[in-house]
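Architecture at a glance
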Amino acid sequence: MAAYTRTTGLRLIEDACQAQGTTTRGRPAGTVGDTGCFSLKDGKIIACGEGGYLLTDDDALADRAAAYRTHWQSAAPDAPAGSRLGVNYRLAEPLAALARHNLQRFPDALAHRRRQAAALHRGVDGTEGLEPIAAGDGDSPNGYSALWRLTLPESRAFATHLAGLGVPNSVGTHRLTAAHLHPACSGYATGDLPRAHATVDTLLAVPFTEHDTEQAIEHWALTIRQEAAAWKS
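To keep things clear, this report deals only with the structure shown in the data block. All of these numbers come straight from a predicted model, not from anything done at the bench.

1. Re the overall build of the protein chain
The secondary structure content of the protein chain amounts to eight helices and eight strands. Each of the three principal axes of the protein chain carries a C-alpha extent, and together these read 65 × 45 × 35 Å. Out of the 233 residues in the protein chain, the part that is buried amounts to 32%. The contacts in the protein chain between residues at least 6 apart in sequence include a share of 51% that link residues at least 24 apart. When the accessible surface of the protein chain is totalled, it reaches about 14000 Å², and 55% of it is carbon and sulfur. Charged side chains in the protein chain number 22 positive and 25 negative. The centres of these two groups are separated by 2 Å.

2. Here's the deal with the layout of surface pockets
Its boundaries defined by the atoms lining it, the largest pocket holds a volume of some 1500 Å³. Around the largest pocket sit 46 residues that line it, and Gln18, Asn142, Tyr144, Ser145 and Leu147 are the ones nearest its centre. The set of elements that each furnish at least two residues to the lining of the largest pocket consists of strand E1 (13-15), strand E2 (23-24), helix H4 (106-124), strand E7 (145-150), helix H6 (170-174) and strand E8 (203-207). Each residue belonging to the lining of the largest pocket can be placed in one class, and the counts come to 20 nonpolar, 17 polar and nine charged. In this structure, the second largest pocket encloses a volume near 420 Å³. Along the wall of the second largest pocket there are 14 residues; nearest its centre are Gly52, Tyr53, Leu54, Ala65 and Arg69. It is helix H2 (residues 59-69) that contributes the most residues to the lining of the second largest pocket, five residues altogether. A class-by-class count of the residues in the lining of the second largest pocket yields eight nonpolar, four polar and two charged.

3. Remarks on the sheet that holds E1
One open sheet holds the three strands; their spatial order is E1-E4-E5, and the pairing between them is mixed. The two strands at the open ends of the sheet, each matched to only one other strand, are E1 and strand E5 (52-55). This sheet shows a mean twist of 20° between the axes of neighbouring strands, independent of strand direction. Direction of pairing for strand E4 (residues 35-39) relative to E5: antiparallel, over a ladder of four bridges. In the sheet register, glycine 36 faces E5, and the bridge partner there is leucine 55.

4. Structural notes on unusual backbone geometry
A positive phi angle is found at histidine 71, which is not glycine, with a value near 60°. Within the fold, histidine 71 resides in the loop between H2 and helix H3 (93-104). Non-glycine residue aspartate 78 carries a positive phi angle of around 60°. Here aspartate 78 is to be found in the loop between H2 and H3. Among the residues examined, aspartate 78 registers a relative accessible area of 77% and is labelled exposed.

5. Let's talk about the nonpolar core
Counting 19 residues, the largest nonpolar core has Leu120, Leu130 and Trp148 as its most contacted members. Mapped by element, the contributors of at least two residues to this core are H4, E7, helix H5 (155-164), E8 and helix H8 (214-232). Discounting chain neighbours no more than four positions away, the residues touching leucine 130 are Val124, Trp148, Arg149, Leu150, Thr151, Leu152, Leu204, Ile224 and Ala228. Among the nonpolar cores identified, the runner-up in size contains eight residues, and Ile45, Ile46, Phe106 and Leu110 belong to it.

6. Some points on the sheet that holds strand E6 (residues 130-132)
Taken in spatial order, the three strands of this open sheet run E6-E7-E8, and their pairing is antiparallel. A single partner strand is all that each edge strand has here, and the edge strands are E6 and E8. The mean angle between the axes of side-by-side strands here comes to 35°, regardless of whether they run parallel or antiparallel.

7. Let's talk about the side chain of glutamine 116
Following the sequence through the fold, glutamine 116 ends up in helix H4. Residue glutamine 116 is classed as buried on the basis of its relative accessible area of 4%. Leave out the neighbours within four places in its chain, and glutamine 116 touches Phe208, Thr209, Glu210, Asp212 and Ile217.

Rules of the game
- Residues numbered from 1 in each chain as written.
- Predicted model: local features only at pLDDT ≥ 70, side-chain atom pairs only at ≥ 80, totals over all residues.
- Heavy atoms only, no water.
- Helix = DSSP H or I, 4+ residues; strand = E, 2+ residues; numbered from the N terminus.
- Buried < 20%, exposed > 50% of the residue type's maximum accessible area, 1.4 Å probe, protein only.
- Contact = heavy atoms within 4.5 Å.
- Areas by Shrake-Rupley, 256 points an atom, 1.4 Å probe, with all protein chains shown as cover.
- Lys, Arg positive; Asp, Glu negative; His and termini not counted.
- Charge placed at Lys NZ, Arg CZ, Asp CG, Glu CD.
- 1 Å grid on protein atoms, 1.4 Å probe; cavity = no way out; pocket = protein on both sides within 12 Å on 5 of 7 lines; lining within 4 Å.
- Points joined across faces, edges and corners; volume = space filled by probe spheres on them.
- Nonpolar A, V, L, I, M, F, W, Y, C, P; charged D, E, K, R; others polar.
- Pairing = 2+ DSSP bridges.
- Axes fitted to C-alpha atoms, helices over the stretch in contact; angles between N-to-C directions.
- Core = buried A, V, L, I, M, F, W, Y, C linked by side-chain atoms within 4.5 Å.

Treat this as a map of the structure, not an account of what it does.
Pasting the structure below:
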């Protein structure tokens, strides 16, 4: 994708909001494209409640982002201060201070999240109807979520069923859906996108927070195993 955008003159923007600490093909998430976008909402591995940040090695993009986030009060290339409309997307200073503090403990937080994901995978390993989604060669996920591909019938309903039993997951809890099915994106789709639809509807992504205990993860694993067996039968 990066090579394609370079040949076409397009900008590559990575939505890496949950990918802090992930590497793909040996490169940190958010550094492959022109800009990487991350979230600092609670639950992320580096968090401060709300807000986010961008990564870029393009000085012009950095200047434009800085100007846009603060009513264009600062200058950007070919756009002096006050020459364009901007917004108020500045992160409040107390939240920024909290994020900087949490950044210092990032290596420990990342290791903890990976241990949590590994523990849930071990607890569910071998369950019929759940196929672990393995990382690709050269990839190292951050453990934000444990991931499976569901082969159970009515897989989306199964994810919703698990959410009702206290097992958080992207589809069942947060109603994750393919983008073209979202009302705000419907105008961009020229037809049905069955692969995108099927990919989301068969996904079981169980996210963690740093506060999830070993006992909670063991309970989730037991619930998933039992409910998958009952659902299959």
